[in-house]
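Structural features, examined
If you want the building blocks of each chain, they are given just below.
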Amino acid sequence: MSEVLFEITKESLETGLRGYPVGYCTTSSVDPVKGLFYAGHPVSEIDQWEPEQVIYLLYHGYVGKPEEVSRFSQDLLIRANCSTALIESIEKLPRNIHPMKLFSIALLLASGFEGKNDYHEDYLNLIAKVPEIAATVINHHAGWGKTKQSQPQLGYMENFTQMLNVPDANQQELARAFKFFNVLHYDHGGGNLSAFVGKAVASGLEDLYGSMSAAMCALAGPRHGKANQDCLTFVHQLVEELGEHSTEEELERLIRAHLDKGELIFGFGHAVLRVEDPRATLLYEVTNQYYASHALVKMAQLLRKVGSKVLQNNPKISDPYPNVDAISGILLTAAGFPCSEYYTVLFGLARVVGIGRQIVYERKEAREGKGTPIVRPKYFFKENKQ
Ligand code: MLT
């Protein structure tokens, strides 16, 4: 008899598959109390690593020796430049849609210009090229002009930073923030919406680029990746309403008033976590280390405390603690990138690494190499005469 992992009752229907075990994830896991682990390593262990080291860990499932990581980085470097045709096609796209939609379209275009119809090759090519794709999408949408020549030898996120034409940027400071943000967003277990959607689409044997484009549409929604943009707007509003020097009492009153009107307190709660998101804890630390006197940082720190206190009073809320989105955009703004409509693209730029590796596992390695079958869950018929 096989072990019963989850009992499905009528109450478990229409709950967003919450907690249903559906497969294996080789890249990362999320524990409700301990948070995110990359291949068995807590994020607090890897947050200062170079992106290439972390990508190596997620890709191979073990920590690479320096010479192994260097060979891997060299391979990515060779793959990094996008074809001119791809870049020019992205630059012809209309600019009046959300940059996440442009990013998804850019990934579909990449299938045509870069695709090899091999999940493994396409994955390595995509993670090597995605900094240039994302930088082109942002520069184009923002009207910041042509994307600079890719220089992958500078380092994964250093190259991304130099390609992005952010006005008046301190390149070093930006690269530091982007790198930190990037490694903390590579993956979040197998069941987050974008990873699940990407794998589901790939299970129909859509190629890696198309599956990733679908995954990015899943990430674009405000309940998932766009939450980082919305959180920044929310903290901005709090600063506008209360000023820079708000007290805990003032903020608590305002938050209670928001809740009484049925409004959301952005950046709190998570489907799996039951503690402060360890990614948020690391981001709070770094943000405080470099930008403690920034008005948004002060408000975000106050909200961290007051928001949890207020939400803990509500017994219906199972996770009253801040998640990664509560602070990630604040770090980017404080570091000189106040352009919140691009925050979800930055999330996507990172998440491509984890989702893509999960797709490669399901397509090429799962079930002794046979791969997982097409996703096809059961729905019960329900009469619904309106
Ligand atoms: C994520 O990083 O994907 C989010 O925290 C959402 C999730 O894990 O479900």
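Keep in mind the model is a prediction, meaning the values are calculated, not measured.

**As for the sheet that holds strand 3 (residues 41-42)**
Overall, antiparallel pairing links the three strands, which are arranged 1-2-3 in an open sheet. Edge positions in the sheet fall to strand 1 (28-31) and strand 3, since each of these pairs with one other strand and no more. In terms of strand pairing, strand 2 (residues 35-38) meets strand 3 through two bridges, oriented antiparallel. Bridge assignment links Tyr-38 to a residue of strand 3, and that residue is His-41.

**Comments concerning the site of the ligand**
The environment of the ligand is formed by His-188, Asn-192, His-224, His-270, Arg-279, Phe-347 and Arg-351. Within the side chain of Arg-351, one N or O atom sits 2.7 Å away from an oxygen atom of the ligand. For the shell around the ligand, the per-class residue count stands at one nonpolar, four polar and two charged.

**Details of the environment of Glu-285**
Position of Glu-285 relative to the elements: it lies in helix 13 (residues 278-291). Residues Glu-285 and Arg-376, 91 residues apart in the sequence, show an inter-C-alpha distance of 43 Å.

**Some remarks on the packing of helix 11 (residues 227-242) against helix 12 (residues 248-260)**
Where helix 11 contacts helix 12, the axes come no closer than 11 Å and their chain directions differ by 120 degrees. Classified by the angle their axes make, helix 11 and helix 12 are oblique. As for how helix 11 packs across helix 12, the hand of that crossing is right-handed. Contacts between helix 11 and helix 12 involve Phe-234, Leu-238, Glu-241 and Leu-242 on the former and, on the latter, Glu-250, Leu-251, Leu-254 and His-258. Here the residues of the contact of helix 11 with helix 12 are counted per class, giving five nonpolar, one polar and two charged.

**Description of the side chain of Glu-276**
Structurally, Glu-276 can be placed in the loop between helix 12 and helix 13. A distance of 2.7 Å separates polar atoms of two side chains, one belonging to Glu-276 and the other to Thr-281. Side-chain polar atoms of Glu-276 contact the side chain of Arg-304, separated by 2.8 Å. When neighbours within four sequence positions are excluded, Glu-276 is seen to be in contact with Thr-281, Tyr-284, Arg-304, Tyr-321 and Pro-322.

**Some details on the nonpolar core**
Counting residues in each nonpolar core, the largest one holds 110 residues, and the members touching the most others are Phe-103, Phe-160, Tyr-186, Met-216 and Phe-337. If one sorts the elements of this core by residue count, helix 6 (residues 119-142) sits on top with twelve residues. Two domains each put at least three residues into this core: domain 1 (37-221 + 345-369) and domain 2 (226-335). Ignoring sequence-local partners within four residues, the contact set of Phe-103 consists of Val-130, Ile-133, Ala-134, Val-137, Met-216, Val-345, Gly-348, Leu-349 and Val-352.

What counts, and where the lines are drawn
Residues numbered from 1 in each chain as written. Predicted model: local features only at pLDDT ≥ 70, side-chain atom pairs only at ≥ 80, totals over all residues. Heavy atoms only, no water. Pairing = 2+ DSSP bridges. Helix = DSSP H or I, 4+ residues; strand = E, 2+ residues; numbered from the N terminus. Near = heavy atom within 4 Å. Polar contact = N/O pair within 3.5 Å; in protein donor to acceptor, adjacent residues only side chain to side chain. Nonpolar A, V, L, I, M, F, W, Y, C, P; charged D, E, K, R; others polar. Axes fitted to C-alpha atoms, helices over the stretch in contact; angles between N-to-C directions. Parallel < 35°, antiparallel > 145°, perpendicular 65-115°, else oblique. Left-handed = near helix turned anticlockwise from the far one by under 90°. Contact = heavy atoms within 4.5 Å. Core = buried A, V, L, I, M, F, W, Y, C linked by side-chain atoms within 4.5 Å. Buried < 20%, exposed > 50% of the residue type's maximum accessible area, 1.4 Å probe, protein only. Domains from an automatic or database assignment.

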